[in-house]
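Architecture at a glance
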Amino acid sequence: MMGDGISRRYSKTDDAFSQKRCLTWFREYTTPDDPDTLGPEGMEKFCEDIGVEPENVAMLVLAYKMGAKQMGFFTQSEWLKGLTDLQCDTASKVQCKLEHLRSLLNDPNTFKIIYRYAYDFARDKDQRSMDIETAKAMLQLLLGKHWPLYAQFAQFLEQSKYKVINKDQWCNILEFSRTISNDLTNYDVDGAWPVMLDEFVEWLRQLRAQPTIS
């Protein structure tokens, strides 16, 4: 009887979330010089431990959960906030949550919030806008699979004069991907779209009007 009580208590504490264990785990990824910040090297090791690539979309959702301010870094308070919320204090517990994190993107409202979060998270803090290479990587991550015109849009950016994307353009790209049909028939040039999207539509229409070489 007594033994039963002990084993039950034991397994319970082992499974219950422990903030202390969560912090000890955090320290495995930081250096003595900066014990309160997990940096790019620690991030690489963390991703290895939970078995995902750094550019996996689940990592973006996890950063969002933490309220992380800067890509490639987690502060101790961000780490604790996110992992307490997810009740994770070990790599295996985070692994069990990866599907859950990805599934949050299936809700259109949550997706929009995370999409907007990604802009401030990924841009260089010295710049007000996001450089085009970062923007393309982030758009690929968030819209690549869901937006049928994504490949053409990436091609358009490739050949365009744009070196950066501002927040208004960023938010409108999502809106465009959700509301404009693939044949562009419902695109209103006089609508309140940023010039970038007017140019994309014009570019794509010209591209489609070209006779294909058989």
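Residues numbered from 1 in each chain as written. Predicted model: local features only at pLDDT ≥ 70, side-chain atom pairs only at ≥ 80, totals over all residues. Heavy atoms only, no water.

Going by what an unreviewed UniProt entry lists, the chain is known as Defective in cullin neddylation protein and is assigned to Anopheles atroparvus. According to its UniProt record, the chain has this under Subcellular location (unreviewed entry): "Nucleus". (UniProt positions renumbered as here; feature names shortened; annotations may be inferred.)

Some thoughts on the overall build of the chain
Each helix and strand in the chain was counted, giving 11 helices and 4 strands. For the chain, whose C-alpha radius of gyration is 22 Å, the value lies well above the compact-globule estimate of 17 Å for 214 residues. In terms of overall dimensions, the chain has C-alpha extents of about 80 × 40 × 35 Å along its principal axes. Every one of the 214 residues in the chain was classed for burial, and the buried ones make up 42%. Residue pairs in contact within the chain that sit at least 24 positions apart in sequence constitute 65% of those at least 6 positions apart. Between the mean site of the 26 positive side-chain charges and the mean site of the 32 negative ones, the chain shows a separation of 6 Å. (Helix = DSSP H or I, 4+ residues; strand = E, 2+ residues; numbered from the N terminus. Rg over C-alpha atoms; globule rule 2.2 N^0.38 Å. Buried < 20%, exposed > 50% of the residue type's maximum accessible area, 1.4 Å probe, protein only. Contact = heavy atoms within 4.5 Å. Lys, Arg positive; Asp, Glu negative; His and termini not counted. Charge placed at Lys NZ, Arg CZ, Asp CG, Glu CD.)

Some points on the UniProt feature "domain: DCUN1" (unreviewed entry) in the chain
Taking the UniProt record as the reference, the feature "domain: DCUN1" (unreviewed entry) is found at residues 17-205. For residues 17-205, the end-to-end C-alpha separation is 55 Å, with 61% helix and 4% strand making up the annotated structure.

Describing the layout of surface pockets
Regions of empty space are outlined by a rolling probe, equal in size to a water molecule, passed over the atoms. Looking at the largest pocket, its volume works out to about 440 Å³. In this structure, the largest pocket is lined by 20 residues; those nearest its centre are Phe 111, Leu 141, Leu 142, Lys 145 and His 146. Residue assignment for the lining of the largest pocket shows that the elements contributing at least two residues are helix 7 (108-122), helix 8 (132-143) and helix 10 (167-179). Per-element accounting of the lining of the largest pocket gives the leading share, 4 residues, to helix 8. Reported here for the second largest pocket is a volume of approximately 300 Å³. (1 Å grid on protein atoms, 1.4 Å probe; cavity = no way out; pocket = protein on both sides within 12 Å on 5 of 7 lines; lining within 4 Å. Points joined across faces, edges and corners; volume = space filled by probe spheres on them.)

Things to note about helix 10
For the α-helix, the turn length of 3.6 residues means that residues three or four positions removed from each other point alike. A rise of 1.5 Å per residue sets the reference length of helix 10, with its 13 residues, at 18 Å; its end C-alpha atoms lie 19 Å apart and thus fit the reference within 8%. Burial in helix 10 covers these residues: Gln 169, Trp 170, Cys 171, Asn 172, Ile 173, Leu 174, Phe 176 and Ser 177. Among the structural elements, helix 7, strand 3 (130-131), helix 8, helix 9 (150-159), strand 4 (164-165) and helix 11 (195-209) are those in contact with the buried residues of helix 10. Where helix 10 begins, one side-chain oxygen reaches toward the backbone nitrogen of Asp 168, 3.1 Å away; that side chain belongs to Asn 166. (Expected span 1.5 Å × (residues − 1). Polar contact = N/O pair within 3.5 Å; in protein donor to acceptor, adjacent residues only side chain to side chain.)

Comments concerning the environment of Arg 123
As for its placement among the helices and strands, Arg 123 is situated in the loop between helix 7 and strand 3. Distance in space between the C-alpha atoms of Arg 123 and Ala 135 is 8.2 Å, their sequence separation being 12 residues. Once you skip the residues sitting within four places of it in the chain, Arg 123 turns out to touch Arg 128, Ser 129 and Met 130. Polar side-chain contacts of Arg 123 include one of 3.2 Å to the side chain of Asp 120.

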